[in-house]
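What follows is the residue order along each chain.
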Amino acid sequence: MSGFGSLCKCAWFAAAVVALAGSAFGQAVSYGTLQKWEGFYPTKYANTLPLPAGQTLWDDPIVKVSLAATLQPDQLAQLKTCWGASCTEDRVQLYDNMIAVHVCKKDSRDFRACQEWSAYIFLEMDSGRTSVCWNTMVPGDFKPVPASTWIWRTPGKSGDSGTTAVAACTSASAFQHAVDQKNGKSIEVETKGLPGAKLKP
């Protein structure tokens, strides 16, 4: 083999190693940086002052890409615009290496309408997988029947994705679904046995 051929081969190998290392390092660091949101609200500081323009949870590049891959465009638009109304937001929390947040619409009488319009969002900081428990119940229908949807997406071209009909998402049941998903269990219509930790209202 000529010296030039050997040089090209070495250069290609070095570039491949650097690319792989950079990719693995970038991925490992990227999702972990989301912990900076813990304790904040999605669109305001913990003391309720607004965040700087373009610095909301929804504008975080990692969250934006992950949610765009998980939710349908109309769902993502509804979430980011509070279903066309104002929202009640819970603080971003950290559970079992997942960041989690709950957002629900305020109805015309200005109280939570969480069983009709709400979403519980979970992002696993080790895998980058995003899962959303999306309440889609008809207003006024509070029967515990499959009316909501568990939506998940694993990043990457070969990542798995899917949806499952579930009973109305609550703080405890949504967290249980997220834990089951993280542990490789199938998501059932109703959860059996809830963990101690759950999203606080």
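Values in this document were obtained by computation on a predicted structure and should not be read as measured data.

Chemist: Give a description of empty space enclosed by the protein that names residues and reports values.
Modeler: All chains considered together, the criterion is met by 1 cavity of 30 Å³ or more. Considering only enclosed or pocket space, the largest cavity measures out at about 80 Å³ in volume. Along the walls of the largest cavity sit Leu 57, Trp 58, Val 63, Leu 67, Val 92, Ile 99, Ala 100, Val 101, Ile 121, Phe 122, Leu 123 and Thr 130, which together make up its complete lining. At the level of secondary structure, the elements contributing two or more residues to the lining of the largest cavity comprise helix H2 (61-70), strand E3 (98-105) and strand E4 (118-124). Across the lining of the largest cavity, the residue classes tally to 11 nonpolar, 1 polar and no charged.

Chemist: Account for the confidence of the model for the protein chain, naming residues and giving values.
Modeler: Scored by pLDDT, the protein chain has a mean of 76; 70% of the residues are at 70 or more. Confidence, expressed as mean pLDDT per element, reaches its minimum in the protein chain at helix H1 (residues 3-32) with 41 and its maximum at E4 with 94. Scored below 50 in pLDDT, residues 1-29 makes 2 contacts in the model with residues more than four places away or belonging to other chains.

Chemist: Could you give me a rundown of unusual backbone geometry, with the residues and numbers involved?
Modeler: You will see that Asp 96, though not glycine, has its phi angle at about 50 degrees, which is positive. You can see Asp 96 is positioned in the loop between strand E2 (93-95) and E3. When its relative accessible area of 44% is taken as the criterion, Asp 96 is described as partly exposed. One non-glycine residue with positive phi stands out, namely Asn 97, at about 60 degrees.

Chemist: So, the side chain of Glu 124: which residues are in play, and what are the values?
Modeler: Among the structural elements, Glu 124 can be located in strand E4. A polar contact is formed between the side chain of Glu 124 and the side chain of Ser 127, at a distance of 2.9 Å. Setting aside residues no more than four positions away along its own chain, Glu 124 makes contact with Tyr 31, Asn 97, Met 98, Arg 129, Gln 181 and Lys 182.

Chemist: Mind laying out H2, listing which residues take part and the relevant values?
Modeler: Among all positions of H2, only Ile 62, Val 63, Ser 66, Leu 67 and Thr 70 are buried. One side of H2 carries all its buried residues, which in axial view fall inside an arc of 115 degrees. Residues Pro 61 and Val 65 are exposed on H2 and point more than 90 degrees away from its buried face.

Chemist: Report on the environment of Ser 66, specifying residues and quantitative values.
Modeler: With respect to the helices and strands, the residue Ser 66 is situated in helix H2. By relative accessible area, which is 12% here, Ser 66 ends up buried. With 57 residues separating them along the chain, Ser 66 and Leu 123 place their C-alpha atoms 8.3 Å apart. Apart from residues no more than four positions distant in its own chain, Ser 66 is found in contact with Leu 123, Gly 128 and Thr 130.

Chemist: Give a description of the state of the cysteines that names residues and reports values.
Modeler: Here is the idea: a disulfide is a covalent bond, and it sits between the sulfur atoms of two cysteines. Per the stated rule, a full pass over the model turns up 2 disulfides. Between the sulfur atoms of Cys 82 and its disulfide partner Cys 87 the distance amounts to 2.4 Å. Residues Cys 82 and Cys 87 are joined by a disulfide whose S-S torsion is about -130 degrees; by sign, that bridge is left-handed. Looking at Cys 87, the relative accessible area reads 16%, which means it is buried. A sulfur-sulfur separation of 2.2 Å characterises the disulfide bridge that pairs Cys 133 with Cys 169. What sets the handedness of the Cys 133 and Cys 169 disulfide is the S-S torsion sign, and at about -85 degrees it is left-handed. Of this pair, Cys 133 sits in strand E5 (residues 130-135) while Cys 169 sits in the loop between strand E7 (161-166) and helix H4 (171-182), and the two are 36 residues apart along the sequence. For the pair Cys 133 and Cys 169, one class covers both residues: buried.

Criteria and cut-off values
Residues numbered from 1 in each chain as written. Predicted model: local features only at pLDDT ≥ 70, side-chain atom pairs only at ≥ 80, totals over all residues. Heavy atoms only, no water. 1 Å grid on protein atoms, 1.4 Å probe; cavity = no way out; pocket = protein on both sides within 12 Å on 5 of 7 lines; lining within 4 Å. Points joined across faces, edges and corners; volume = space filled by probe spheres on them. Helix = DSSP H or I, 4+ residues; strand = E, 2+ residues; numbered from the N terminus. Nonpolar A, V, L, I, M, F, W, Y, C, P; charged D, E, K, R; others polar. pLDDT = per-residue confidence, 0-100. Contact = heavy atoms within 4.5 Å. Buried < 20%, exposed > 50% of the residue type's maximum accessible area, 1.4 Å probe, protein only. Polar contact = N/O pair within 3.5 Å; in protein donor to acceptor, adjacent residues only side chain to side chain. Arc of directions from axis to C-beta. Disulfide = S-S within 2.5 Å.

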